[in-house]
Number of protein chains: 4
Amino acid sequence: MTQDHKPWGGRFSEATDAFVETFTASVSFDRRLYHYDIQGSIAHANMLGTVGIITADECSSILAGLAQIHKEIDDDQFNWRLSLEDVHMNVESRLVELVGDIGKKLHTGRSRNDQVATDIRLFLRAEVDELLNQTTALKEALLDLAEQNAEVIMPGFTHLQAAQPITFGHHLMAWFEMLKRDTERLADCRKRINVLPLGSAALAGTTFPIDRNQVVKELGFANASENSLDSVSDRDFIIEFCATASIMMMHFSRWSEELVLWMSEPFAFIDLPDRFCTGSSIMPQKKNPDVPELIRGKTGRVFGDLTSTLTLMKGQPLAYNKDNQEDKEPLFDAVDTLRDSLTALIGLIPAIEANTKNMYNAATRGFATATDLADYLVRSGVPFRDAHEIVGRTVAYAIEQNKQLDELSLEELTAFHQGIGEDVFAVLTLDGSVAARNHIGGTAPDQVRAAIARARSALGS
Amino acid sequence: MTQDHKPWGGRFSEATDAFVETFTASVSFDRRLYHYDIQGSIAHANMLGTVGIITADECSSILAGLAQIHKEIDDDQFNWRLSLEDVHMNVESRLVELVGDIGKKLHTGRSRNDQVATDIRLFLRAEVDELLNQTTALKEALLDLAEQNAEVIMPGFTHLQAAQPITFGHHLMAWFEMLKRDTERLADCRKRINVLPLGSAALAGTTFPIDRNQVVKELGFANASENSLDSVSDRDFIIEFCATASIMMMHFSRWSEELVLWMSEPFAFIDLPDRFCTGSSIMPQKKNPDVPELIRGKTGRVFGDLTSTLTLMKGQPLAYNKDNQEDKEPLFDAVDTLRDSLTALIGLIPAIEANTKNMYNAATRGFATATDLADYLVRSGVPFRDAHEIVGRTVAYAIEQNKQLDELSLEELTAFHQGIGEDVFAVLTLDGSVAARNHIGGTAPDQVRAAIARARSALGS
Amino acid sequence: MTQDHKPWGGRFSEATDAFVETFTASVSFDRRLYHYDIQGSIAHANMLGTVGIITADECSSILAGLAQIHKEIDDDQFNWRLSLEDVHMNVESRLVELVGDIGKKLHTGRSRNDQVATDIRLFLRAEVDELLNQTTALKEALLDLAEQNAEVIMPGFTHLQAAQPITFGHHLMAWFEMLKRDTERLADCRKRINVLPLGSAALAGTTFPIDRNQVVKELGFANASENSLDSVSDRDFIIEFCATASIMMMHFSRWSEELVLWMSEPFAFIDLPDRFCTGSSIMPQKKNPDVPELIRGKTGRVFGDLTSTLTLMKGQPLAYNKDNQEDKEPLFDAVDTLRDSLTALIGLIPAIEANTKNMYNAATRGFATATDLADYLVRSGVPFRDAHEIVGRTVAYAIEQNKQLDELSLEELTAFHQGIGEDVFAVLTLDGSVAARNHIGGTAPDQVRAAIARARSALGS
Amino acid sequence: MTQDHKPWGGRFSEATDAFVETFTASVSFDRRLYHYDIQGSIAHANMLGTVGIITADECSSILAGLAQIHKEIDDDQFNWRLSLEDVHMNVESRLVELVGDIGKKLHTGRSRNDQVATDIRLFLRAEVDELLNQTTALKEALLDLAEQNAEVIMPGFTHLQAAQPITFGHHLMAWFEMLKRDTERLADCRKRINVLPLGSAALAGTTFPIDRNQVVKELGFANASENSLDSVSDRDFIIEFCATASIMMMHFSRWSEELVLWMSEPFAFIDLPDRFCTGSSIMPQKKNPDVPELIRGKTGRVFGDLTSTLTLMKGQPLAYNKDNQEDKEPLFDAVDTLRDSLTALIGLIPAIEANTKNMYNAATRGFATATDLADYLVRSGVPFRDAHEIVGRTVAYAIEQNKQLDELSLEELTAFHQGIGEDVFAVLTLDGSVAARNHIGGTAPDQVRAAIARARSALGS
């Protein structure tokens, strides 16, 4: 086999069209898989040796050649050839250069169809493990910041209207909960990644006496796939990963939306250090929260990766079709975007500086304790729906008077309901309101601290 | 409260605009949740009674009222009012009609925000359980058909070109594997559905001494949510369901693509009974495989539901925003589409009639045993890559001669490699080829039957 | 033909499966097309009469029957039958009931394939015309509001940070420009809707001597389609409409995002009348901007409709496949969502009350005139990039001093650049800043008014 | 300004975080715009010179510097710096190195916000023009192939079931019609690309006396944008392009689906030369239609780009936000994918070899002339719906007899309807069937040739 001879050229009578060669080649992006491709080949060679399809000496030669190739690629000394189509044939072709005809035996009992499926699974498993490490770091950052702010009062919003006072720590723990679910989804997805397709060959298995369980063990998979047709055509795990990544990015876009809002001058709830912001080419005063804006913007690309991979698989007959070559770039993009966004957030979260005074002041506006007043009336025997109505009218009156609820006199308040007493003013304070929501999931500082403690315990940190 | 008085009207000085009332109301679609809304209210009332927020008598009255309302709706005797916005307020308003002021106490310590989240989770959990039942039925149908066809030979395709002979049973077991992963994903998704948001109230929890664990137990949830802000704004479980449903529909679209192909006259691999087909308004001869076509077409709508829900949540600040009202219709659509597609397939699969002769004949064309010939050469010592090259040239020669491989004479074959002997013809048979792929995941009938047996054992069937 | 006899039943030996009948029927949603279905049938009948395929009397009978059916449906007196599959066969079957065997001649020379394509085009053309009317009304509302606010100063934001002062009128005219492009896209899309498929029959045309141009004229199409295969399978116009609608909804979601922000207490730039807001079931003080939130939320469903229709068509071989039945529901949904959102905005925009004082005050913060200071330096000979640097340092100093730029003394300013003179303070005013951007597209009130005048002239209003 | 000094550094007190610098930089991908960035800067400099903001000498220096930079980049001699964030600041910084302080004047009266919008529009306009050229080439290829095959008979399919005989030329002209609409959409999209944003500066316009119309003329735009806020935030044209590209790719995926089907052995309607196919690493006989499969697969990525850009813009407040940096990569990807797919098809289409005998034989099966028989009955006075029923029963009988329609004897035929005469057999031939569909849009060879002639005339070819 000459260097650029197509590995399947025997049946063909004319050379590949030059544009077609470029158009159909994947080596420009799948070379990224080289480590996993070689790792899989090592396990395959070892297995071929064990069952006697190749000799121990042949196996040794192949392993030495593969090690050499790995080093050449690591050192950027490898001559990638587009004409050899993909990472697999580039590696195999170099192997034959290095070890001669023995190298031509490596592909016994396998196909690129099961080989690439194995490569992607090894790659994605490693990436998911790293992403899981990052989620742990991000969780810890959130817990630290939440703990510092367990008693810091801010307005809780619904409809971006002040709803009820909450603590900033409680708000951050809402973010934590999102991330906790993301982590669970990633771990569930990992189970379905961690299955060995190798041994499925082109689509039907192989006539050689392979031992798939040996390969399972060497590569650390949970088990071998159960159906060869399915194995070479299954890309569920890529779509599931993209869906999981999309939900994570959606969460990060929500956090980012809030960070951008809170950095905006009318809110001014937080500040970010200069090192996380950039300026403007024209407006000298600008300090822009680029990092959260960019994360919010990157959400779309991961949604796009998900759309792309779902569309890709829709309606494909079994087993492998060339369409599937298009699975890798969206996957790589989703992995990279998620990893970078996590890295950015792991740096950014601890740097958030809460402007606690602005937060508190904002909570004093907007009648945030109106529900507390209604609850007060309920405790005195008014049915909730009536209490709601009474307080609604009270708020309408206060707006007219341009006062907050706790600025109304007892006389003004009793005009709306006679049962209101002096003790109502304790209920109308922010601290009282927050402290009173003291059950699991509630915003009371004690509950926030308890939630942090439970979370730390679960993290083992 | 008059019937159509807005439950939040106290603070407002003008009536809602008539179009806005229609535009913002959700009762036209969320009334579908009534059973779960009432189920949640019963549990809430019971808890309010247990902790003493309402008396035992009040609780009884409320329960009686709710039972009456459930019956009225079941019997289509309920007067749904658009002006009351949603299912929650329609039910509550009717309750007050039925039991008087006591009914106004039901909303104590909760909000529509946590109420609707609870309703959707109860609804979706029930639907997922039913979908899981359907997947079991569909799996059994696949196993039965696979078992009948464990030895039926057909061409396995890659690139829609004949690749290697496989068995139809093996092909059907590839479908089974897809469905097995779908089931796992549904079960994983269910874990994240099965969490109680009630008690989160508007966003911060409540000042009343509620017992969330009692509600958890009564409604059969695994646990209460840990953060009230997150609980009222979390729609992850809807998106995750839509993603899971999208992958399932993608699988069904692949099966459908194959069914349509196999029904097409040039393939003619299968037939479907008349009762699963429809005709044409103009062409009297037509018998169209409408059911698989329609399933393939419905794939897009579930992808659309996923896009819709992901887009919905992107960039929303905490906690609840009105945007979220748009979560229900795509969810309902995904649930209904998936359920109907499953129902259709559960009926269709057992009715598939394999045209085994056509399948077999097709496998004899296309040089499907070329890999077997290469493997044969490898066993005689030729490195695989060289064997591939030799067989490639042999195939090119056979095409010229307009012969299949097993129609070449030994003389013709040995012209390509001297080591080929009379025993090669056994290798070139379809039955020999299939039987030789005899390892886990391989297409040999023994392996197919073993896979079926493992699957039946796992299903407990 | 008995009432429920399938119109294609001749070739079939068993009845359609009951579930399959429901699953494959479209009458539950395509009945919405009845007006256009009958309109198309009238034109077809007239043409059959003109060319002599049916007699004048037969034509009259058919027209009378169709008129009767239209009235029955209008009056909700029509008995829709699921077993007759779709709107087309329900109408035809009733026609045969009404006029006897003559009715069986109506389908001569056509198929449901070209009939449904014609129906949808007639439907969508009418809907687009109505949407275009709505965009005109919305444009006029924007122009009126922009005119009232042509001199109202507010901060212009980039990155949600105050960037430069602008006028509210200028901001509203940015919305106008978006809508102008939307209108152009709708009109371009309409060109591709307005083509007649009828005459394509099943896929190949018909053997009858039809006159397609007569039908073109009667139905007001621009021309007849040029290829029968393409005509029955083309759904581009649906996708293009969904894409156009998606961009419109994206615009409305941006407007809505701003309305929600501006309604939020920290901004308080605008107020909306009570009639456009709703309250909370638990929090008596809430007045929520539900309408813009809901529009923002509805964006996702139109994106979903686009995803759905693109996915639907992907990879379908020619010509018609049953998949295409799934084209209607996403189209209807996109049309309805867009129309309702336009209706809501046409009502809402004129009701926006600008809190001009809050807008102005916000513009005084955030160093919004820093660019003006840099421009001032440039006019005195400093290269822009140096001027930017100097002002950047000045802003850093002002932040330290907790002052705005116009609160710095001339002495403080000249410390950063000696060339600054007393005239700088005119440059640092908001009114001066705004007035100075006086070129086409700029924010100066004169430019805003000129833009409004050009727009009114183009609208002919 | 030192080389890597941030152009906005004046106001900042700490250096950008190292990861943030990488995360937020765009130069790795926006450098692709350098030609258009420099083109825009030249026009801007010329305008600054004309209106006297810079002197003629300064203008000359800047132009010389920009020319030098263009050459450096062309020659790959340019030192791109990530720390300078983007293409704009890399060019400007190098300009200052080359021409000194004069270079710092280039950014007068503009911002990166309007600069990048101008760059992308110049880029995309050029790409669209090239794509339009490609569509012309592809149209011509289709017309040539259609002309060669104007009389070649094949089965037309609906539901992938033989429906009626058509000509292969007619089928190819259906593809032509799709492409014709694509071209119209591209041209419509180009109108909305071809608008100049420059002069909008950051968001509000500029205080300098710029002449936007001069820039419009120099850069060949149709007009200047009418609102500065809108101009810097508008990305509609990107989304519209992605939508247009998505529909094109959807078309190409349909063509590809058919090419793959037709290449499949059971169909064997066409062959593709070896140079457009590739083989298998394991199966020596394989010749795979990789090019159409890959085009079909690439459809998903363009759908993904559309999802990505729609999501990106959803809910962004005005004016520019950093999110928008994410607009370029999906656009580049859509442009590249579309261009490569067009290139592939322009090469592939002329190389298609029709297996006319297989096509003809396939058309003889499947009762493709059943409609002709029904039409025959109609002409003898039978109402169409009854004729359909009669022929349906005839087909059912023929299936039982395992005969095609034209293999039935006249006696057998008249058993179903007495009016059938000897002349029926002419109607049942493929050639007769095809020739009879002789109206605009019909499949008769005369009509196909007429359609080709009209198309050539419109193309001017």
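These numbers were taken from a predicted model, which means no experiment stands behind them. The numbering scheme is per chain: residues are counted from 1 as the chain's sequence reads. Chain letters start at A and ligand numbers start at 1, both assigned in the order the entries are written. Only residues with pLDDT of 70 or above have their local features reported here, since the model is predicted, and side-chain atom pairs are shown and tallied only from 80 upward, although totals for entire chains, interfaces and linings are computed over all residues. Side-chain metrics in this entry use all non-hydrogen atoms of the structure; hydrogen atoms and water are not considered.

**Student:** What's the story with the nonpolar core in this structure? I'm lost.
**Tutor:** Nonpolar side chains in soluble globular proteins generally cluster together in the buried interior. As used in this record, nonpolar core signifies buried Ala, Val, Leu, Ile, Met, Phe, Trp, Tyr and Cys residues forming a set joined through side-chain atoms within 4.5 Å. Burial classes: relative accessible area under 20% of the type maximum marks a residue as buried, over 50% as exposed, and values in between as partly exposed (1.4 Å probe, protein chains only). Counting 592 residues, the largest nonpolar core has Phe241 of chain A, Phe241 of chain B, Phe241 of chain C together with Phe241 of chain D as its most contacted members. Every residue in contact with Phe241 of chain D, bar those within four places of it in the chain, is listed here: Leu124, Val128, Leu131, Leu186, Cys189, Leu331, Ala334, Val335 and Leu338 of chain D. Two residues qualify as a contact provided that any one of their heavy atoms is within 4.5 Å of a heavy atom in the partner residue.

**Student:** What should I look at first to understand the interface of chain C and chain A in this one?
**Tutor:** Note on interface size: it is often stated as the accessible area lost on association of the parts. Taken together, the contact between chain C and chain A spans 44 residues of the former and 44 residues of the latter. As used here, buried area is the combined drop in accessible area, with a 1.4 Å probe, of two parts when they are placed together. Taken over both partners, the interface formed by chain C and chain A buries close to 3,500 Å², and the fraction arising from carbon and sulfur atoms is 55%. A per-residue breakdown of the area chain C buries against chain A is headed by His159, Pro284 and Gln285 of chain C, which together make up 18% of the total. Take a side-chain nitrogen of Lys or Arg and a carboxyl oxygen of Asp or Glu: if they are within 4 Å of each other, that pair is a salt bridge. The interface formed by chain C and chain A contains two salt bridges. Where Glu265 of chain A meets Arg365 of chain C, a salt bridge forms, and the shortest distance between an N and an O atom there is 2.8 Å. Strands are runs of DSSP state E lasting at least 2 residues, helices are runs of H or I lasting at least 4, and numbering of each runs from the N terminus. Those elements that provide at least two residues to the side of chain C that touches chain A are β1 (153–158), β2 (161–167), α10 (236–263), α11 (290–313), α14 (370–379) and α15 (384–401) of chain C. Per-element tally for the side of chain C that touches chain A: the top contributor is α15 of chain C, with six residues.

**Student:** Just to check I follow, could you spell out the interface of chain A and chain B for this structure?
**Tutor:** Counting from both sides, the interface comprises 110 residues of chain A and, opposite them, 110 residues of chain B. Taking both partners together, chain A and chain B bury about 9,300 Å²; carbon and sulfur atoms supply 57% of that area. Contact with chain B buries area across many residues of chain A, yet Glu226, Arg254 and Arg385 of chain A alone supply 9% of it, more than any other trio. Inspection of the region where chain A meets chain B yields 22 salt bridges. Measuring nitrogen to oxygen at the nearest pair gives 2.9 Å for the salt bridge that ties Arg181 of chain A to Asp236 of chain B. What qualifies as a polar contact is a pair of N or O atoms within 3.5 Å, subject to a donor-acceptor requirement within protein and to the restriction that residues adjacent in sequence count only when both atoms come from side chains. Applying the counting criterion to the chain A and chain B interface returns 58 residue pairs in polar contact (both at pLDDT 80 or more). Ranked by residues supplied to the side of chain A that touches chain B, first place goes to helix α7 (residues 168–193) of chain A with 14 residues. Among the residues making up the side of chain A that touches chain B, the classes are represented as 40 nonpolar, 36 polar and 34 charged. Polar here means any residue other than Ala, Val, Leu, Ile, Met, Phe, Trp, Tyr, Cys and Pro, which are nonpolar, and Asp, Glu, Lys and Arg, which are charged; Gly is therefore polar.

**Student:** How do you make sense of the domain arrangement of chain A when you look at a structure like this?
**Tutor:** Residues and elements named next belong to chain A. Start and end points for every domain follow an automatic or database-based domain assignment. Domain boundaries in chain A define domain 1 (9–108), domain 2 (113–144 + 166–207 + 225–357) and domain 3 (361–459). Distance between the C-alpha centres of domain 2 and domain 3: 39 Å. Contacts between domain 2 and domain 3 engage 13 residues on the former and 13 residues on the latter. Here domain 2 and domain 3 share an interface that buries about 1,000 Å² over both sides, 69% of which is from carbon and sulfur atoms. Counting across the interface, domain 2 meets domain 3 through one salt bridge. Between Arg456 and Asp144 there is a salt bridge, and its shortest N-O distance comes to 3.1 Å. Where the side of domain 2 that touches domain 3 is concerned, the elements lending two or more residues are α6 (112–148), β2 (161–167) and α7. Ranked by residue count, the leading element in the side of domain 2 that touches domain 3 is α6, at five residues.

**Student:** I'm lost on the environment of Arg11 of chain D in this one. Help?
**Tutor:** Take Arg11 of chain D: it is sitting in the segment before α1 (18–24). Counting along the chain gives 291 residues from Arg11 of chain D to Val302 of chain D, while the straight-line C-alpha distance between them is 41 Å. Arg11 of chain D has contacts with Asp274, Pro284, Gln285, Lys286 and Lys287 of chain A together with Gly392, Arg393, Val395, Ala396 and Ile399 of chain C, leaving out every residue within four places of it along the chain. A distance of 2.8 Å separates the side chain of Arg11 of chain D from the backbone oxygen of Gln285 of chain A, its partner in a polar contact.

**Student:** Just to check I follow, could you spell out the relation of the copies chain C and chain A for this structure?
**Tutor:** What connects the two chain copies is a rotation about an axis and a shift along it. The copies are overlaid by a least-squares fit using only the C-alpha atoms of residues whose pLDDT is at least 70 in both copies. Superposing chain C onto chain A takes a rotation of 180° plus a shift of 0.0 Å along the axis, which leaves an RMSD of 0.0 Å. Considering both components of the superposition, the chain copies are consistent with a two-fold axis. Considering only C-alpha atoms, the residue of chain C closest to the rotation axis is Pro266 of chain C, which sits at 2.6 Å. Most of the interface of chain C is mirrored in chain A, where 100% of its interface residues are also at the interface.

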